[in-house]
Structure formats: C-alpha cells, structure tokens
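Listed here are the chains, written in short residue letters.
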Amino acid sequence: MQVNAVSIHDQIRIKSRKEIDKLREAGRIAANALRVAARSVKPGVSLLELDKLAESYIRKQGATPSFKGYQGFPATLCLSVNDGVVHGIPINYALREGDVISIDCGAKLDGYHGDTCLTVGVGRISDKAKDLIATTQLAMYLGVSCCRVGLRMGDMATTVQNFAEERGYNVVRRYVGHGIGRDLHEDPQVLCAEQAPGTGFRMETGMTITIEPILNMGTHNCKVESDGWTVRTADGQFSAQFEHMVAITKNGPEILSYPDPEFELDDSL
Ligand code: MG
Ligand code: MG
C-alpha cells in the first residue's frame, strides 16, 4: 500500500475473537494460494501461469482474489521480479534462472481479507540474492515479534530498520503495511522505517495489521512504471518482501497467514 493512501486519523477497527478467526481463514487461503504459485516457480514458467494457478486455487475454496479489480488492478497476484518492488502486474514474462520473485496474494473469504507475501529464487540464485531474501524474512518476523500490547508503531519500525541497515540493506519508505479486516486496507498505516521509537499508534488487543517490510540491496527510492502499477527500485538493484497478517493479543502477536502444513515450502521458516 502506498504511504498516505489511507488517512491515519480514521478509526482503527478493533476485531472480536470471531472476526480474528475469520481473518485467519482468509489468511490461510491466501497463504496456500501463494505457495501453490511459489511451488511452480522455475525457469521458463511465465508470470501469467503463476497468476492463473493462484486464482483457480482461491476460487476452488469458495473465496475470491482480493487484488483483482482493486482500484483497477487486473490480476490475482502481484508479482515483482528482481528490481520489482511491489504491485507488479503478471505479464507474459518467462522466469529465468537467477531471478528473484516476490509473490503477494490476497483472498477474501466470508467478508474478510487475507494478505500475505513471500520472495523466492528461481533455480540457482546468487549468494547475495539468498542473503537478501533470508534477511527480509527475518526482518518481517522481527517486526511481528514487536507487535505487543503497549509498544508503539515506531518501536517496531525502528527495530526492523536497524536490523536491515546493520546488514547493509535499505527499507522502502513509500510502500507500507496496513490494518486489515472487512477492507483490504484499513487504518493504521504500518511503517517499517522512519518512525521514531515511542511514536506512532499504541498497539492494542484486537488490532489486526500486516507486517510487510521491503528490503532493497541499494537505495530505498523507487519509480513507478508506465503501467501505473509496477514499482521498481530507482537504481535497478534487487528488492525482496515478506508479509504476514498479525493479530495483537494479550498473549503477544498471533500470525493469521499461516498455510496448511501440506502447502509449506521446503526451505521456509
Ligand atoms: Mg500483500
Ligand atoms: Mg498488505
């Protein structure tokens, strides 16, 4: 989600346990669909094929793709390859050995949205690319671990940013996480950088948000392609993203976008 797309002054919708259960179901469908696509990633496979696989899985579950038609987005998945940052439109591009692809998937079930993202390599990838992917996944889990009652957004954002920068990466500023529920994008905006400790909203029980840091090998600056959607790094270097949906509970963060065990990828955390 682009920063400032939603007003931070609107009401944050606190969810009941029943609503959190519905979000977990939607999150599970999105997480499974994401892995249906991720498992098919190999040299020669086109982005359109991946999109079709995910859409057909989602519809078979009685759910609908959250992204398709959202502000005119034409597909089920956002697929961002190499210097692709976010919102990549699936096109007839055949994946190549050494590519890195972020797969972002949303599914709506029984009125609630699921939204989750991961990044995988295509065939054999460079050690640098492997490190980018692993570090981004760890940054995401570190952010999730900061989703605790009483902490503020800025505490989480600073933790994630420091972790990424100590390892030589830059966190994208312009695209951020969000609240999630009956709407795909609800308040608040969830930054993973450039928010001072002790500032931002205070986390409360029943908030449901996405933690979705994007790490770039080079500059955090981005540019938007002429299709109006596809975002790339300004310097052409690689980018990676991971996203989980999280409910903040009195017992700590609860991840709402786990796949069923049979959909797990071999090397996932
Ligand atoms: Mg997403
Ligand atoms: Mg999201």
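A brief structural summary.

Definitions and cut-offs
Counting from 1, residues in each chain are numbered in the order their sequence is written. Lettering of chains starts at A and numbering of ligands starts at 1, both following the order in which they are written. In view of the model being predicted, local features appear only for residues whose pLDDT reaches at least 70, and side-chain atom pairs are presented and counted only at 80 or more, with totals across whole chains, interfaces and linings using the full set of residues. As a rule here, side-chain values come from all non-hydrogen atoms in the structure, and water together with hydrogens is ignored. Each metal's donors are the N, O and S atoms found within 2.8 Å of it, except that Na, K and Ca use a 3.2 Å limit; water is left out, so coordination can look incomplete. Helix numbering and strand numbering both begin at the N terminus, where a helix is a DSSP run of H or I of at least 4 residues and a strand a DSSP run of E of at least 2. Relative accessible area decides the class of each residue, using a 1.4 Å probe on protein chains only: under 20% of the type maximum gives buried, over 50% gives exposed, and in between gives partly exposed. Here, a salt bridge means any side-chain nitrogen of Lys or Arg that lies within 4 Å of a carboxyl oxygen of Asp or Glu.

**Points about the coordination of the magnesium ion (ligand 2)**
Taken together, D115 (OD), H178 (NE2), E212 (OE) and E243 (OE) make up the full set of protein donors to the magnesium ion (ligand 2), lying 2.1 to 2.3 Å away. Binding-site remark: the magnesium ion (ligand 2) is held by donors from one chain whose sequence spacing is D-x62-H-x33-E-x30-E. Separating the magnesium ion (ligand 2) from the magnesium ion (ligand 1) is a gap of 3.1 Å, bridged by D115, which donates to each. Taken together, the residues D115 in strand β5 (residues 112-121) and E243 in the loop between β13 (239-241) and β14 (244-249) connect sequence positions 128 residues apart. Assigned by exposure class, D115 and E243 land together as buried.

**Quick look at the coordination of the magnesium ion (ligand 1)**
The protein atoms that coordinate the magnesium ion (ligand 1) are D104 (OD), D104 (OD), D115 (OD) and E243 (OE), at distances spanning 2.0 to 2.4 Å. For the magnesium ion (ligand 1), the single-chain donor residues occur in sequence as D-x10-D-x127-E.

**Quick word on the pattern of salt bridges**
Taken as a whole and assessed by the stated rule, the structure comprises 17 salt bridges. For R24, the salt bridge is made with D21, and the minimal N-O distance between the two is 3.0 Å. Placement of both R24 and D21 in helix α1 (residues 17-39) is noted, with a separation of three residues, approximately one turn of the helix. Assessed through its relative accessible area of 27%, R24 is described here as partly exposed. Judged by relative accessible area, which is 34%, D21 ranks as partly exposed. For the salt bridge of R28 with E25, the shortest nitrogen-to-oxygen distance reads 2.9 Å. Here E25 and R28 lie together in helix α1, a separation of three residues that amounts to about one turn. E25 sits in the partly exposed class, given a relative accessible area of 33%. Where salt bridges share partners, they join R13, K15, D183 and E186 into one cluster.

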